[in-house]
Amino acid sequence: MHLAFPAAPTEFDPIAAADRLAERLATTAVERDRIGGHAAEEREWIRESGLLALSVPAECGGLGADWPTVYRVVRIVARADSALAHLLGFHHLQLAGIQLYGSSGQQRRLLTDTVATNAFWGNALNPLDKRLVGVPSAGGYLLNGIKSFASGSVGSDWLTISAWDPLAAAPLIAVLPTRQPGIEVQADWDAFGQRQTDSGNVRFNNVTLSDDLVLQHAGRAATPQATLRSQVAQLVVTNLYLGLAEGALAAARGYLRDEARPWFASGVENAVDDPFIQHRFGEFHLLVRPAQLLADEAARKLDAAFRRGADLTAAERGEVAVAVAEAKVLAHRASIEIGSQLFELTGARSTSARFGFDRFWRNARVHTLHDPVDYKLRDLGRYALEGRLPEPTAYS
């Protein structure tokens, strides 16, 4: 059991806490990115920060923050360390799932326990991976199989899972303690970016799942409220991308001020006075600023929809999906373009491994493959041409 953060909601400033956490993570971010693996100590820093209770409603003992605040926190942390920000954001995604799928009793019990034990949640829900099968049994299900891309699974206390019910020919959604017998979390994530997101495989061998931990049984028709989970997830990754873009800009700005030598033909004494560098930084600003505005607006719309609860309509949900898609496409572009182009301004010496500037592009490139951005553009094209709202899926 982990001790809960002692501060009362009225005494806690989540933005200041995020700033402190980001500053702390930044001290080891370059080295840890190079090494990869499980950041056990740094995950404890997240626990100590008090931010695990951020999205838990106040009536369950949490901080009761709105979604714009949650996403701002994720973005701040991502500027320093997008892998650990991913873990924090996906923790809150699992808590959102409990609120969207779970009964009032499940919500009260699971969310209250999360705060009381300062629990860290991981994800094993991957909707495209149907290899985990849940066979109905007395009082629940028997689980066997594997889940891939299980972000945050290593070192987690609880997992959200999806399992294929062969009798219903549909998936169920449930939660389980990570250390339950038969669950094997494999630290085998080996991508060239986001190296410490603990996104490997989780194996289930004759794992018992009791009915009281099933949030959504297979075959139950999805309500507009339940389908908001994909939008919560999409805005997590959107703010990770934005944090990467902002972090890359800050790194390039600092290098140009403190380290860079002006090009001999520029006629200036300081690199930041080079008009070409100023021009390109202006272009970078115009990549980031619209994405920030759209991400913040999408977060406000999501928050309003989330608070509508069961009264949320399909049309209202669809408008949220449009806003989130707009923000995600621009954040995607900003993170990829700035992470790559910054070297054209900072020059050859900035490619030294000691700076680790390549991590911004690598992390953005890996994470922006989460789901194809072209399908977001397709959805936006349909909306612009026909007023057609995106079809609710696990990614839209």
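**Points about the packing of helix 1 (residues 14–26) against helix 4 (residues 67–80)**
Right, on to step 1. Running from N to C, helix 1 and helix 4 cross one another at 20 degrees; their axes reach a closest spacing of 8 Å. Judged by the inter-axis angle, helix 1 sits roughly parallel to helix 4. Considering the relative orientation of helix 1 and helix 4, their crossing is right-handed. Where helix 1 abuts helix 4, its residues Pro14, Ile15, Ala18, Asp19, Leu21, Ala22, Leu25 and Ala26 lie against Thr69, Arg72, Val73, Ile76, Val77 and Ala80.
Right, on to step 2. Tallied by class, residues from the contact of helix 1 with helix 4 come to eleven nonpolar, one polar and two charged.

**Details of the packing of helix 9 (residues 314–346) against helix 10 (residues 358–367)**
Right, on to step 1. Put simply, helix 9 and helix 10 touch, their axes get as near as 8 Å, and they point 150 degrees apart. Looking at the two axes, helix 9 sits roughly antiparallel to helix 10. With respect to the hand of their crossing, helix 9 and helix 10 are arranged in left-handed fashion. Mapping the contact onto sequence places His332, Ser335, Ile336, Gly339, Ser340 and Phe343 in helix 9 and Asp358, Phe360, Trp361, Ala364 and Arg365 in helix 10.
Right, on to step 2. Classifying every residue of the contact of helix 9 with helix 10 gives five nonpolar, four polar and two charged.

**Observations concerning the nonpolar core**
Right, on to step 1. Ranked by internal contacts, the top residues of the largest apolar core, which has 92 residues, are Leu51, Leu143, Ile161, Leu176, Phe204 and Leu209.
Right, on to step 2. Top contributing element to this core by residue count: helix 5 (residues 82–101), with twelve residues.
Right, on to step 3. Beyond its immediate sequence surroundings of up to four residues, phenylalanine 204 is in contact with Leu132, Leu143, Asn144, Gly145, Lys147, Ile161, Leu176, Gly182 and Ile183.
Right, on to step 4. Of all hydrophobic cores here, the second largest spans 23 residues; its members include Ile277, Ala334, Ile338 and Leu342.

**Observations concerning the packing of aromatic side chains**
Right, on to step 1. Counted under the stated rule, the structure contains ten aromatic pairs.
Right, on to step 2. Cluster of aromatic residues (ring-pair linked, three or more members): Trp67, Tyr71 and Phe306.
Right, on to step 3. The lysine or arginine in question, arginine 43, covers the ring of phenylalanine 120, its NZ or CZ lying 4.2 Å from the ring centre.

**Re helix 3 (residues 40–49)**
Since one α-helical turn is 3.6 residues long, residues separated by three or four positions face the same way.
Right, on to step 1. Residues of helix 3 that are buried include every one of Glu42, Arg43, Trp45, Ile46, Arg47 and Ser49, and no others.
Right, on to step 2. Contacts made by the buried residues of helix 3 are with helix 1, helix 2 (29–35) and helix 5.
Right, on to step 3. Of the residues one or two after helix 3, glycine 50 is the one with positive phi, at around 85 degrees.

**Re the pattern of salt bridges**
Right, on to step 1. One pass over the full model with this rule turns up 22 salt bridges.
Right, on to step 2. The closest approach of N and O atoms between arginine 79 and glutamate 246, which form a salt bridge, is 2.6 Å. Here arginine 79 is found in helix 4, whereas its partner glutamate 246 is found in helix 7 (residues 229–258), with 167 residues between them in sequence.
Right, on to step 3. Glutamate 246 sits in the buried class, given a relative accessible area of 11%.
Right, on to step 4. Linking arginine 307 and aspartate 303 is a salt bridge whose minimum nitrogen-to-oxygen distance equals 2.8 Å. Remark: aspartate 303 and arginine 307 occur in helix 8 (residues 275–308); sequence separation between them is four residues, near one turn of the helix.
Right, on to step 5. Looking at arginine 307, the relative accessible area reads 56%, which means it is exposed.
Right, on to step 6. One salt-bridge network, held together by shared partners, links Glu44, Arg47, Asp157 and Arg179.

**Description of the confidence of the model for the protein chain**
Right, on to step 1. Across the protein chain, pLDDT averages 94, with 97% of residues at or above 70.
Right, on to step 2. The weakest mean pLDDT in the protein chain belongs to helix 2 at 94; the strongest belongs to helix 4 at 98.

**Comments concerning unusual backbone geometry**
Right, on to step 1. One non-glycine residue, alanine 169, lies in the positive phi region at around 55 degrees.
Right, on to step 2. Tracing the backbone shows alanine 169 in the loop between strand 4 (158–165) and strand 5 (170–177).
Right, on to step 3. Residue classification places alanine 169 among the partly exposed positions, given a relative accessible area of 49%.

**Focus on the pairing of strand 1 (residues 121–124)**
Right, on to step 1. What you see with strand 1 is no split at all: Trp121 and Asn123 on one side and Gly122 and Ala124 on the other are buried throughout.
Right, on to step 2. Examined bridge by bridge, strand 1 and strand 4 share four bridges and lie parallel to one another. Its bridge partner being in strand 4, alanine 124 is matched across the sheet by isoleucine 161.

Scoring rules and cut-offs
Residues numbered from 1 in each chain as written. Predicted model: local features only at pLDDT ≥ 70, side-chain atom pairs only at ≥ 80, totals over all residues. Heavy atoms only, no water. Axes fitted to C-alpha atoms, helices over the stretch in contact; angles between N-to-C directions. Helix = DSSP H or I, 4+ residues; strand = E, 2+ residues; numbered from the N terminus. Parallel < 35°, antiparallel > 145°, perpendicular 65-115°, else oblique. Left-handed = near helix turned anticlockwise from the far one by under 90°. Contact = heavy atoms within 4.5 Å. Nonpolar A, V, L, I, M, F, W, Y, C, P; charged D, E, K, R; others polar. Core = buried A, V, L, I, M, F, W, Y, C linked by side-chain atoms within 4.5 Å. Buried < 20%, exposed > 50% of the residue type's maximum accessible area, 1.4 Å probe, protein only. Phe/Tyr/Trp six-rings, centres within 6.5 Å; stacked < 30°, edge-to-face > 60°. Lys NZ or Arg CZ within 6 Å of the ring centre and 35° of its normal. Salt bridge = Lys/Arg side-chain N within 4 Å of Asp/Glu carboxyl O. pLDDT = per-residue confidence, 0-100. Pairing = 2+ DSSP bridges.

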